[in-house]
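Spelled out from the first residue to the last, the chains are:
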Amino acid sequence: RSRQAQGQPAKPVRAPARRIIAVASGKGGVGKSTVAANLAGACVKLGLKTGLMDADIYGPSAPRIFGLSDAPGLRKGDDGIEPLEAHGVKLVSMGFLVGERDPVVWRGPMVTGAIRQFLTEVNWGDLDVLIIDMPPGTGDAQLAVAQGAPISGVVIVSTPQTLALDDARKAAALFDRTEIPILGLIENMSFFLCPHCGEGTEIFGRGGARAEAELIGAPFLGEIPLHPELREASDEGRLVASGDGPVAKAFVRAAEAMLT
Ligand code: ADP
């Protein structure tokens, strides 16, 4: 349905990027933000001008993952809000506005307003790809993104466990209802990749997300192993995807699958 059919004014807003890809999960803690950040890093590696919008209003983690926890707040320039930049990725995050440790206690309309502002008032420049790190669940923020910009599609992140998969299915259903295509599923923590011997161990049982993707008729974009480097890197503000180890390669493969 068109914007006007939904009772909203038709806004001639310039799209913030040629491709806008939302990264979502039904459940928190499945590594959605880690995957979103590293997919952005992988896009940079693929030579694309890339931005990341951290729409996880209640638990913004992009500042930490990108090593910008102590960065100054966002500035308004002549052409709108100026994004920060780290590892080649242009970034905006609620975390830059409210401080990482302040709990955000906001009502739905404020969340919607903040997300709209990020989508329409940031000077993203000439981006090939904008990755949106969505908050978990299916609420106001999801609708604000779905209705606030021409989203190319959504990538759903899940772990192999049934519970996380059930929630991923709900997230997929929400985007389906808003007629945003599901670009595919990424299975995070697919297996434990031992940093010492390089052997993979299937802790949660592997392949759940692949089966789920088949069930909902969406592409399966790849497996990201459980690897201590990912957590360490996130805590230190490094992006694993910027390196060239096996985990970085897994992210580049997933990004390529997401972009095809
Ligand atoms: P979400 O955005 O889904 O809440 P996060 O991306 O914040 O989840 O990840 C939760 C925690 O798990 C973080 O400490 C992160 O570093 C860690 N993590 C995520 N994915 C992996 C992985 N594949 N291997 C190791 N640690 C991971």
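Residues numbered from 1 in each chain as written. Predicted model: local features only at pLDDT ≥ 70, side-chain atom pairs only at ≥ 80, totals over all residues.

### A few points about the overall build of the protein chain
Counting its secondary structure elements, the protein chain contains 9 helices and 11 strands. Taken over the C-alpha trace, the protein chain has a radius of gyration of 17 Å; the compact-globule value for 260 residues is 18 Å, and the two agree within 12%. Overall, the protein chain is about 55 × 40 × 35 Å in size when its C-alpha atoms are taken along their principal axes. By residue count, 47% of the 260 residues in the protein chain fall in the buried class. Intrachain contacts of the protein chain at a sequence separation of at least 6 include 77% that bridge at least 24 residues. (Helix = DSSP H or I, 4+ residues; strand = E, 2+ residues; numbered from the N terminus. Rg over C-alpha atoms; globule rule 2.2 N^0.38 Å. Buried ≥ 20, exposed ≤ 12 C-beta atoms within 10 Å, placed from the backbone. Contact = placed C-beta atoms within 7 Å.)

### Some remarks on the UniProt feature "binding site: ATP" (unreviewed entry) in the protein chain
Listed under "binding site: ATP" (unreviewed entry) in the UniProt record, and renumbered for this structure, are Gly26, Lys27, Gly28, Gly29, Val30, Gly31, Lys32 and Ser33. Relative to the assigned elements, glycine 31 resides in the loop between strand 1 (17-24) and helix 1 (32-45). The buried category is assigned to glycine 31, around which 23 C-beta atoms lie within 10 Å. Glycine 31 has contacts with Val157, Asn188 and Met189, leaving out every residue within four places of it along the chain. (UniProt positions renumbered as here; feature names shortened; annotations may be inferred.)

### Considerations on the site of the ligand
Taken together, 17 residues sit near the ligand, with Gly31, Lys32, Ser33, Thr34 and Arg231 positioned nearest. Sorting the residues of the shell around the ligand by element identifies helix 1, strand 9 (182-193), strand 11 (220-226) and helix 8 (228-236) as the ones contributing at least two each. When grouped by side-chain class, the residues that make up the shell around the ligand number 5 nonpolar, 10 polar and 2 charged. (Near = placed C-beta within 6 Å. Nonpolar A, V, L, I, M, F, W, Y, C, P; charged D, E, K, R; others polar.)

### Describing the nonpolar core
Core analysis: the largest hydrophobic core is formed by 75 residues, its most contacted members being Val23, Leu39 and Ile132. Examining the composition of this core, we find that 7 residues originate from one element, helix 1, more than from any other. Contacts of valine 23, omitting those with residues within four sequence positions, involve Lys32, Val35, Ala36, Leu39, Ile131, Ile132, Asp133, Met134, Val155 and Val157. (Core = buried A, V, L, I, M, F, W, Y, C linked by C-beta atoms within 7 Å.)

### Points about the packing of helix 1 against helix 9 (residues 246-259)
With their axes 8 Å apart at the nearest point, helix 1 and helix 9 run at an angle of 80 degrees to one another. One finds that helix 1 runs roughly perpendicular with respect to helix 9. Of the residues in helix 9, those in contact with Asn38, Leu39, Gly41, Ala42, Cys43 and Lys45 of helix 1 are Phe251, Val252, Ala254, Ala255 and Met258. Here the contact of helix 1 with helix 9 is composed, by residue class, of 8 nonpolar, 2 polar and 1 charged. (Axes fitted to C-alpha atoms, helices over the stretch in contact; angles between N-to-C directions. Parallel < 35°, antiparallel > 145°, perpendicular 65-115°, else oblique.)

### Concerning helix 8
Since one α-helical turn is 3.6 residues long, residues separated by three or four positions face the same way. Of the residues making up helix 8, those classed as buried are Leu230, Ala233 and Ser234. Along helix 8, the residues classed as buried sweep out an arc of 100 degrees about the axis, all on the same side. Every exposed residue of helix 8 that faces more than 90 degrees away from the buried side is listed here: Pro228, Glu232, Asp235 and Glu236. Tucked into the core, helix 8 has its buried residues touching helix 1, helix 2 (62-65) and helix 9. (Arc of directions from axis to C-beta.)

### Remarks on the environment of glycine 80
Within the fold, glycine 80 resides in strand 4 (residues 80-82). Distance in space between the C-alpha atoms of glycine 80 and threonine 120 is 8.9 Å, their sequence separation being 40 residues. Look past the residues within four positions of glycine 80 in its chain and what remains in contact with it is Glu121, Val122 and Asn123.

### Observations concerning the pairing of strand 7 (residues 127-133)
With respect to burial, strand 7 is a largely interior element, 6 of its 7 residues being buried. Relative to strand 7, strand 1 runs parallel, the two being bridged by 6 bridges. Counted as the bridge partner of isoleucine 20 is leucine 130 from strand 7. Alignment of strand 2 (residues 50-54) against strand 7, held across 5 bridges, turns out to be parallel. (Pairing = 2+ DSSP bridges.)

### Considerations on the pairing of strand 2
Most of strand 2 is tucked away, with 5 of its 5 residues classed as buried. Side-chain alternation along strand 2 places Thr50, Leu52 and Asp54 on one buried face and Gly51 and Met53 on a second face that is also buried. Pairing of strand 2 with strand 6 (residues 89-93), which is carried by 5 bridges, proceeds in the parallel orientation. For threonine 50, the partnering residue across the bridge sits in strand 6 and is valine 89.

### Details of unusual backbone geometry
A positive phi angle, close to 50 degrees, is found at histidine 87, a residue other than glycine. Within the element layout of this structure, histidine 87 appears in the loop between strand 5 (84-86) and strand 6. Classification of histidine 87 by C-beta neighbours within 10 Å gives buried; the count is 21. Of note, glutamate 179 is a non-glycine position whose phi angle comes to about 60 degrees, a positive value. Locating glutamate 179 in the fold gives a position in the loop between helix 6 (162-177) and strand 9.

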